[in-house]
Amino acid sequence: MGEHPPAGLADAVVRPTRRLVGIDAARGLALIGLMAIHLLPAWNEETGEASWSWRLFSGDSAALFALLAGVGLALTSGGRHPHEGRTMTADRIGLVVRAMLIAIVGLWIGTLMSEDPPAYNILIYYGVFFLLAIPFLHAGPKFLFISAAIFGVVSPLLMQGLQDVLPEFVSYNPTFTDLLTQPGATASQLLLTGTYPALPYMTYLLVGLGLGRLNLRRTEVQARLVVVGVGLAIFARVTSYVLLYAFGGYQQLLDASSMGEHELDDVLVWGPDSLPTDTAWWLAIATPHTNTPLAIAASLGVGLAVLGVFLLIGPKIGKWLLPLSAMGVMTLTLYTAHLVALSFEIHYELPYLWFMVHLAVAALFAVAWHRGLGQGPLEKVVSTSVKGTRRLVLGGPAKNGHG
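In the nomenclature of an unreviewed UniProt entry, the protein chain is known as Heparan-alpha-glucosaminide N-acetyltransferase domain-containing protein of Kocuria atrinae.

K.L.:
Can you break down the layout of surface pockets residue by residue, with the values?
P.N.:
In this model, the largest pocket occupies a volume close to 1600 Å³. If you trace the largest pocket, you find 47 residues lining it, with Trp-54, Tyr-120, Tyr-172, Thr-195 and Asp-273 closest to the centre. Of all the elements in the fold, those that place two or more residues in the lining of the largest pocket are helix H1 (21-39), helix H2 (52-57) and helix H8 (183-193). For the lining of the largest pocket, the leading source of residues is H1, giving 4 residues. Here the lining of the largest pocket is built from residues that sort into 28 nonpolar, 14 polar and 5 charged. Approximately 590 Å³ is the volume attributed to the second largest pocket. Arg-55, Arg-237, Leu-268, Val-269 and Pro-288 are, among the 22 residues lining the second largest pocket, the residues nearest its centre.

K.L.:
Explain the confidence of the model for the protein chain to me, and be specific about the residues and the numbers.
P.N.:
Keep in mind that low pLDDT regions are not for reading the predicted coordinates in detail. Here the protein chain averages 91 in pLDDT, while 94% of its residues score no lower than 70. Element-level pLDDT for the protein chain is lowest in H2, with a mean of 89, against a maximum mean of 98 in helix H9 (residues 198-211). Below pLDDT 50 for its whole length, residues 398-403 participates in 16 contacts with residues either more than four positions away or in separate chains.

K.L.:
Hey, could you go over the side chain of Thr-287 for me, with residue numbers and the actual values?
P.N.:
With respect to the secondary-structure elements, Thr-287 resides in the loop between helix H12 (261-270) and helix H13 (293-317). By relative accessible area, Thr-287 is classed as buried at 4%. Sequence-distant contacts of Thr-287, defined by excluding residues within four places in its chain, comprise Val-267, Leu-268, Val-269, Trp-270, Gly-271 and Ala-295.

K.L.:
Requested: an account of a negative patch on the surface, with residues and values cited.
P.N.:
On the surface, a cluster of negative charge is contributed by Glu-261, Glu-263, Asp-265 and Asp-266. Within the fold, Asp-266 resides in helix H12.

K.L.:
I'd love a proper account of empty space enclosed by the protein, names of residues and values included.
P.N.:
In the structure shown here, the tally under the stated rule is 3 cavities of 30 Å³ or more. The space that makes up the second largest cavity amounts to roughly 60 Å³. Lining the second largest cavity are Gly-59, Ala-63, Tyr-201, Tyr-204, Pro-288, His-289, Asn-291, Ala-295, Ile-296 and Ser-299. For the lining of the second largest cavity, the elements supplying multiple residues, two or more each, are H9 and H13. The dominant element in the lining of the second largest cavity, judged by the number of residues it contributes, is H13, at 3 residues. Its residues placed into classes, the lining of the second largest cavity shows 6 nonpolar, 4 polar and no charged.

About the thresholds
Residues numbered from 1 in each chain as written. Predicted model: local features only at pLDDT ≥ 70, side-chain atom pairs only at ≥ 80, totals over all residues. Heavy atoms only, no water. 1 Å grid on protein atoms, 1.4 Å probe; cavity = no way out; pocket = protein on both sides within 12 Å on 5 of 7 lines; lining within 4 Å. Points joined across faces, edges and corners; volume = space filled by probe spheres on them. Helix = DSSP H or I, 4+ residues; strand = E, 2+ residues; numbered from the N terminus. Nonpolar A, V, L, I, M, F, W, Y, C, P; charged D, E, K, R; others polar. pLDDT = per-residue confidence, 0-100. Contact = heavy atoms within 4.5 Å. Buried < 20%, exposed > 50% of the residue type's maximum accessible area, 1.4 Å probe, protein only. Patch = residues over 30% accessible without salt bridge, like charges linked within 9 Å, V, L, I, M, F, W, Y side chains within 5 Å. Areas by Shrake-Rupley, 256 points an atom, 1.4 Å probe, with all protein chains shown as cover. Salt bridge = Lys/Arg side-chain N within 4 Å of Asp/Glu carboxyl O. Lys, Arg positive; Asp, Glu negative; His and termini not counted. Charge placed at Lys NZ, Arg CZ, Asp CG, Glu CD.

Here it is in structure tokens:
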């Protein structure tokens with residue numbers, strides 16, 4: 001089908017010469033962003049202001065990951081020409097297997113983490129993203145972009161509207177036990193109340209799925225991604241600022257929440273624990289991880305711009321991007337190893353040193369493994385399982401062009 005697939009979080013590695021290096025490099029950057037958020041201080045000890053790592057990566061790294069997962073799903077299911085018939089059925093069932101395996105890894109990591117964990121694990125949410133993507137796998141770009149916009153507007157309304165009736169938060173990193181003993185609470189957390197809730201995050205995934213149905217090798221498409229991305233990010237931030245400070249939203253939040261100005265200012269930087277239900281004006285904020293329509297639009301804009309830039313420069317400086325792109329090829333393995341290392345909680349005293357250690361080990365391992373053995377170890381397990389499932393559905397060997 002022309003373009004072989006640059007993967008999602010755990011997609012198969014195919015012939016490196018055919019891959020879009022920019023997608024792998026962008027995924028590598030998203031991984032670095034998550035590492036920075038997990039390891040580096042969120043604020044300056046002396047001033048109390050948000051740190052550079054928080055301002056650069058908070059919310060945007062996870063959004064970029066989800067966006068790229070959507071791109072990967074599109075490319076592994078036919079690219080510009082979505083598979084049909086039994087081949088699409090094989091894609092869907094393969095995606096169920098992929099989702100389950102990634103969720104299992106995520107649930108296992110939850111058992112390693114303390115109650116006040118050093119990081120919130122996105123993998124179990126990824127499993128839900130992929131399951132929710134199954135009905136959209138055959139769709140074209142226009143339908144996918146419209147669906148993404150609907151998720152981006154309706155999901156925050158559901159988050160705020162249902163918050164008082166949904167079950168209590170289970171834990172920051174749900175485990176097998178949580179899933180079995182509190183299925184309803186775990187489901188509501190994964191869909192709406194958790195750190196990376198699947199319903200709002202479907203905005204990113206569906207946009208990525210739509211992008212993967214376009215010709216991402218065309219310079220015109222790549223440049224348009226940058227322009228649209230920058231424009232969307234600026235629009236979201238400016239709109240939020242105007243609503244809050246020119247149209248009285250800030251005062252409405254003060255009146256409704258009984259917060260002081262200092263406390264509200266802090267919430268606007270760091271975000272509330274959950275979206276307050278006292279006024280709809282909370283939907284006007286664009287703070288990272290609040291998953292309001294404007295926060296989603298801002299992070300989506302950054303993700304589109306980053307992807308566009310990497311696609312533009314990938315063909316020209318691909319060799320220089322090797323550490324990033326090698327990391328991007330095996331993010332499931334590296335992210336899992338990163339979380340396992342964090343679970344020992346020995347990094348708090350020397351965050352910058354440990355960030356450099358995690359980064360250096362990840363880059364060196366990724367380059368060495370990718371050059372010597374190709375797929376990352378966990379990626380190999382997932383892709384082998386998916387290919388075996390596809391083979392059963394198709395009744396014969398899975399063909400290269402079909403993923």
